[in-house]
Amino acid sequence: MPNMQTDKTVMKEQAPEIRRTNWLEVACGYTSDEAVNEAQRCLHCRNMPCVNGCPVRVKIPDFIAHVAKGDFEGAYAVIRETNALPAVCGRVCPQESQCESKCVRGIKGESVAIGRLERFCADYCADKRPEPVRAEPKGKRVAVVGSGPSGLTCAADLAKRGYDVTVFEALHTAGGVLVYGIPEFRLPKSIVSDEVKELEKLGVKIMTDVVVGRTETVDELFENGYEAVFIGSGAGLPRFMGIPGEDGNGVYSANEFLTRINLMKAYRYDYATPIKHHRRVAVVGGGNVAMDAARCAARLGAEKVYIVYRRGENELPARREEVHHAKEEGIEFRLLTNPTKINTDENGNVCSVTCISMELGEPDASGRRRPVEIPGSEHDIDVDAVIIAVGTVPNPLIRMTTSGLDTNRHGCIVTAEDGVTTTKEGVYAGGDAVTGAATVILAMGAGREAAEKIDGYLSAK
Ligand SMILES: Cc1cc2nc3c(=O)[nH]c(=O)nc-3n(C[C@H](O)[C@H](O)[C@H](O)COP(=O)(O)OP(=O)(O)OC[C@H]3O[C@@H](n4cnc5c(N)ncnc54)[C@H](O)[C@@H]3O)c2cc1C
Ligand code: SF4
């Protein structure tokens, strides 16, 4: 008889007033008893709707059945069959719009906490992982550009099939947005490096500080003996607003701000990279990136942090959980508000941001109601820093240096209907480089699909 408790088993979190003063993980994870209790809520539906909601098709009811019996290692083994980064997915996947949105238990209550259970299994098995079995070598080399979730997943799947895989990463640490974007309090960096070590045990080689398009071009990779290339270079080029004052001291792209904090550990005094500790900060944007930047600014000690967003609460693109956490931590939301000018003092330092109030009009091409300015509603917000988090696009370097690789007007790599085959023979692509800024699990799904296609291509060669 399943556990018919309507709500998810609660997961403990650090209290808001405490976590605002530290960088430790906000969510504490389930205990073994809590995990078993939650797993017993699963009905083991025969048609498995939850699996259809997962881009890498984790065998969800199977792994949950192991958890319900207290066999956590068995559960982890099932997850690992299809997911190369379970400790990451369990923490940052938007399960509410993926697997959990399809869960039958969600009809009359809350869905099974699939993400929390996945996280529990990965954490439980962190130091009990079996040595992976290396595949019989196929004697063929594949290059993967970028070590974000798409590149890592593609590399893992290819290594499991016996390919000799090298990942080329521009930064000095592997992980993509997982290391430079998503903060420690949502995704501890030790977890990302442990997942990367697992890939290395599979035989994947990771070369950092290699900028493909500068250090070596895609065409040169082929000349050097790689028979196929996967491009998972993400969408890491920040967009600015094009308003006056954006060159003031104290204006950051969210990308720069988060890279300093997460990758360079600028919040720690024992690290060399500096970051200014601002008193009053406005973060422009309403996505996960904006929430992360605002919550980091609060942890750096800012007295006041605003989210300035041109649409309303319902249109905020960030995960509900992130918005909720940000509010609990005292972040103030200035909704239906858009900056028009950043003001600086005689030394060029930011002193305020001029904003205009908005109202919502008809839906636009994105289906969301278009924000319209209310004439005469200009007002200033006193701040000494403005962080711009209004979106990112792919860096143009690879498209500028690769012959025959088509991109669209947003700079995203064009693919065939399968989503991963590019216009250049032997070159496959996936993740944010193809879709524009999206999610970890979609990037992983693309990495997996590309590995399949690359295997087909090289096997037929
Ligand atoms: C702050 C922030 C918070 C986010 N929060 C969430 C979340 O909670 N949940 C979620 O699902 N998604 C979230 N996302 C989105 C998610 O992280 C991305 O969709 C995902 O990381 C995309 O994966 P990717 O592999 O395509 O690219 P990336 O993770 O961007 O990795 C690309 C890698 O390629 C490298 N690279 C780029 N160009 C080159 C080159 N020329 N040569 C060599 N290497 C190169 C980059 O340095 C980078 O390491 C967030 C994004 C950000 C920025
Ligand atoms: S849909 Fe929900 S209840 Fe059904 S098998 Fe999947 S997780 Fe279990």
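This is a predicted model, so every value here is computed, not measured.

**Points about unusual backbone geometry**
Then, in step 1: The backbone of His-44 shows a phi angle near 55°, a positive value even though the residue is not glycine.
Then, in step 2: Mapped onto the elements of the fold, His-44 is located in the loop between helix H2 (32-39) and helix H3 (49-52).
Then, in step 3: The phi dihedral of Lys-265 is positive, around 55°, even though this residue is not glycine.
Then, in step 4: Mapped onto the elements, Lys-265 comes out in the loop between helix H13 (254-263) and strand S7 (280-284).
Then, in step 5: Using a relative accessible area of 14% as the deciding quantity, one classes Lys-265 as buried.

**A closer look at the state of the cysteines**
Then, in step 1: Throughout the structure, instances matching the rule amount to zero disulfides.
Then, in step 2: As a non-bridged cysteine, Cys-99 has Cys-54 as the owner of its nearest cysteine sulfur, 6.3 Å distant.
Then, in step 3: The exposure class of Cys-99 is buried, given its relative accessible area of 8%.
Then, in step 4: Counting only cysteine sulfurs, Cys-28 is the nearest neighbor of Cys-296, a cysteine outside any disulfide, at a range of 18 Å.

**Notes on H13**
Then, in step 1: Most of H13 sits inside the fold, with eight of its ten residues counted as buried.
Then, in step 2: Turning to H13, its buried residues number three or more, namely Ala-254, Asn-255, Phe-257, Leu-258, Thr-259, Ile-261, Asn-262 and Leu-263.
Then, in step 3: Elements in contact with the buried residues of H13: helix H10 (177-180), strand S5 (237-238), strand S6 (251-253), helix H14 (288-299), strand S14 (385-388) and strand S15 (392-393).
Then, in step 4: Positioned one or two residues after H13, Lys-265 has a phi angle of 55°, which is positive.

**Notes on helix H5 (residues 72-82)**
Then, in step 1: Where burial is concerned, most of H5 is hidden: eight out of the eleven residues are buried.
Then, in step 2: For H5, the set of buried residues is Phe-72, Gly-74, Ala-75, Tyr-76, Val-78, Ile-79, Arg-80 and Thr-82.

**Observations concerning the packing of aromatic side chains**
Then, in step 1: A complete count under the given rule lists eight aromatic pairs for this structure.
Then, in step 2: The interplanar angle of 20° and the centroid separation of 4.2 Å between the aromatic rings of Trp-23 and Tyr-267 together place this pair among those described as stacked. Separated by 244 residues along the polypeptide, Trp-23 in the loop between helix H1 (16-19) and H2 and Tyr-267 in the loop between H13 and S7 bring together distant segments of the chain. Tyr-267 carries the same exposure label as Trp-23, and that label is buried.

**Observations concerning the site of ligand 1**
Then, in step 1: Not every one of the 34 residues close to ligand 1 is listed here, only the nearest: Val-92, Ser-150, Glu-169, Arg-186 and Val-212.
Then, in step 2: One of the side-chain N or O atoms of Glu-169 is found 2.6 Å from an oxygen atom in ligand 1.
Then, in step 3: Within the complex, 92% of the 1000 Å² of free accessible area of ligand 1 lies under protein.
Then, in step 4: Only helix H9 (149-160), H14 and helix H18 (440-460) provide two or more residues apiece to the shell around ligand 1.
Then, in step 5: Residues belonging to the shell around ligand 1 are distributed by class as follows: 18 nonpolar, twelve polar and four charged.
Then, in step 6: Counting contributing residues per domain, the shell around ligand 1 is built from domain 2 (141-236 + 392-460) and domain 3 (240-388), each supplying no fewer than three.

**A look at the packing of H2 against helix H8 (residues 114-124)**
Then, in step 1: In the contact formed by H2 and H8, the axes pass within 10 Å of each other and the chain directions differ by 140°. In this view, H2 runs oblique relative to H8, as classed from their interaxial angle. Crossing angle aside, the handedness with which H2 passes H8 is left-handed. Contacts from Ser-32, Ala-35, Glu-38 and Ala-39 in H2 reach Leu-117, Phe-120 and Tyr-124 in H8.

**Structural notes on the pattern of salt bridges**
Then, in step 1: In this structure the tally under the stated criterion is 38 salt bridges.
Then, in step 2: For the salt bridge of Arg-80 with Glu-195, the shortest nitrogen-to-oxygen distance reads 3.6 Å. Remark: Glu-195 occurs in helix H11 (residues 189-201) and Arg-80 occurs in helix H5; sequence separation between them is 115 residues.
Then, in step 3: Residue classification places Arg-80 among the buried positions, given a relative accessible area of 16%.
Then, in step 4: Judged by relative accessible area, which is 1%, Glu-195 ranks as buried.
Then, in step 5: Residue Arg-119 pairs with Asp-123 through a salt bridge whose shortest N-O separation is 3.6 Å. Separated by four residues within a single helix, Arg-119 and Asp-123 lie in helix H8, roughly one turn from each other.

**Side note on the sheet that holds S6**
Then, in step 1: Strand order in the open sheet formed by five strands is S6-S14-S7-S8-S9, with parallel pairing between adjacent strands. The open sheet is flanked by S6 and strand S9 (332-334), the only strands paired with a single partner. The sheet shows a mean angle of 25° between the axes of neighbouring strands, direction not considered.
Then, in step 2: Across the sheet, H14 is in contact with S7, strand S8 (304-308), S9 and S14; its angle to S8 comes to roughly 170°.

Definitions and limits used
Residues numbered from 1 in each chain as written. Chains lettered and ligands numbered in written order. Predicted model: local features only at pLDDT ≥ 70, side-chain atom pairs only at ≥ 80, totals over all residues. Heavy atoms only, no water. Helix = DSSP H or I, 4+ residues; strand = E, 2+ residues; numbered from the N terminus. Buried < 20%, exposed > 50% of the residue type's maximum accessible area, 1.4 Å probe, protein only. Disulfide = S-S within 2.5 Å. Contact = heavy atoms within 4.5 Å. Phe/Tyr/Trp six-rings, centres within 6.5 Å; stacked < 30°, edge-to-face > 60°. Near = heavy atom within 4 Å. Polar contact = N/O pair within 3.5 Å; in protein donor to acceptor, adjacent residues only side chain to side chain. Areas by Shrake-Rupley, 256 points an atom, 1.4 Å probe, with all protein chains shown as cover. Nonpolar A, V, L, I, M, F, W, Y, C, P; charged D, E, K, R; others polar. Domains from an automatic or database assignment. Axes fitted to C-alpha atoms, helices over the stretch in contact; angles between N-to-C directions. Parallel < 35°, antiparallel > 145°, perpendicular 65-115°, else oblique. Left-handed = near helix turned anticlockwise from the far one by under 90°. Salt bridge = Lys/Arg side-chain N within 4 Å of Asp/Glu carboxyl O. Pairing = 2+ DSSP bridges.

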